[in-house]
Amino acid sequence: MPRRKLMIGLVLLCLLLLLPACSTSLRKEKEAAAEGVEEAFRQEAKEANQKTEDISFYLPAGMIVKSEDKYNHLIQKGSKMFILFINPNEDSKSKVLYQTAKEGSKDYLLDKTFRADGRFGYLLIQKLKDDLYEVVVGIGGIKMTTETELSGLSKDAKSMMEIVRSIKMEKE
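**Comments concerning the pairing of strand β5 (residues 80-86)**
Every second residue of β5 is oriented toward a common face, the buried set being Lys 80, Phe 82, Leu 84 and Ile 86 and the non-buried set Met 81, Ile 83 and Phe 85. Both strand β4 (residues 72-77) and β5 contribute to a ladder of six bridges, which runs antiparallel. By the bridge assignment for β5, Leu 74 is matched with Ile 83. Here β4 hands over to β5 after two residues, with Gly 78 in that stretch at a positive phi of 65°. As paired strands, β5 and strand β9 (residues 142-149) are joined by five bridges and run antiparallel to one another. Bridging from a neighbouring strand, Ile 83 pairs with Thr 145 of β9.

**A closer look at the sheet that holds strand β2 (residues 55-57)**
The strand order across the open sheet built from three strands is β1-β2-β10, with neighbouring strands paired in antiparallel fashion. The sheet terminates laterally at β1 (50-51) and β10 (168-169), the two strands that pair on one side only. Across two bridges, the pairing between β2 and β10 is antiparallel. Looking at the pairing, Ser 56 lines up with Lys 168 of β10.

**Focus on the side chain of Thr 146**
Mapped onto the elements of the fold, Thr 146 is located in strand β9. Within the structure, the side chain of Thr 146 is placed 2.7 Å from the backbone oxygen of Met 81, a separation counted as a polar contact. Those residues within four positions of Thr 146 in sequence are excluded, and the remaining contacts are Lys 80, Met 81, Phe 82, Tyr 133, Glu 134, Val 135 and Met 160.

**Some remarks on helix α3 (residues 96-104)**
Residues Leu 97, Tyr 98 and Ala 101 constitute the buried set of α3. In a view along the axis of α3, the buried residues occupy a sector of 105°, so they form one face of it. Of the surrounding secondary structure, the elements contacted by the buried residues of α3 are β5, β6 (108-116), β7 (119-129) and β9.

**Some remarks on the sheet that holds strand β3 (residues 64-68)**
By definition, the strands of a sheet pair up through backbone hydrogen bonds, in either a parallel or an antiparallel sense. Taken in spatial order, the seven strands line up as β3-β4-β5-β9-β8-β7-β6 in an open sheet, and their pairing is antiparallel. Every interior strand has two partners, whereas the edge strands, β3 and β6, have only one. Recorded for the sheet is a direction-independent mean angle of 20° between the axes of neighbouring strands. Here β3 runs beside β4; their pairing, made up of four bridges, is antiparallel. Following the sheet pairing, Glu 68 is matched in β4 by His 73. α3 rests against β5, β6, β7 and β9 of the sheet, and its axis sits at about 20° to β7. Each of β4, β5, β7, β8 (132-139) and β9 is contacted by helix α4 (residues 153-166), which is oriented at about 25° to β8, the strand it contacts most.

Here is what the cut-offs are and how they apply
Residues numbered from 1 in each chain as written. Predicted model: local features only at pLDDT ≥ 70, side-chain atom pairs only at ≥ 80, totals over all residues. Heavy atoms only, no water. Buried < 20%, exposed > 50% of the residue type's maximum accessible area, 1.4 Å probe, protein only. Helix = DSSP H or I, 4+ residues; strand = E, 2+ residues; numbered from the N terminus. Pairing = 2+ DSSP bridges. Polar contact = N/O pair within 3.5 Å; in protein donor to acceptor, adjacent residues only side chain to side chain. Contact = heavy atoms within 4.5 Å. Arc of directions from axis to C-beta. Axes fitted to C-alpha atoms, helices over the stretch in contact; angles between N-to-C directions.

Dropping the structure here:
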């Protein structure tokens with residue numbers, strides 16, 4: 001019986017030591033998110049595979065457009081929702097949406113900006129509660145927002161920038 005308790009104790013100790021190694025740290029996810037978003041911002045825009053009345057854009061596999069109007073597109077992937085906002089009056093070098101987002105909150109865990117080829121891009125990450133974070137990415141007058149868990153932070157942020165980067169406005 002004492003041997004069994006010792007084995008159970010050792011197994012529990014091993015699990016406690018391995019658990020933190022398996023979980024993603026906020027610092028690592030923020031770094032990965034910043035790198036992924038900057039990479040997506042700087043690379044060539046992905047080819048559009050979606051078209052609405054006003055825009056054409058790339059959507060990664062598993063994402064669908066749930067609803068749309070002239071300025072907002074609600075995009076879903078599983079149970080997660082993404083809001084794509086487009087201000088056609090702002091060009092790709094505009095800082096208006098970025099500055100507006102910054103005025104709304106001062107508690108960003110990450111506030112990173114990018115510039116390339118006359119474009120202004122950004123990534124904002126804010127903790128909402130426990131394991132839930134708000135992620136905002138944008139280029140000029142286009143931004144995308146979602147709420148995500150820590151484990152999906154970097155992947156979601158990169159996918160969002162790929163979408164934002166790919167948007168082409170249809171001529172009126």
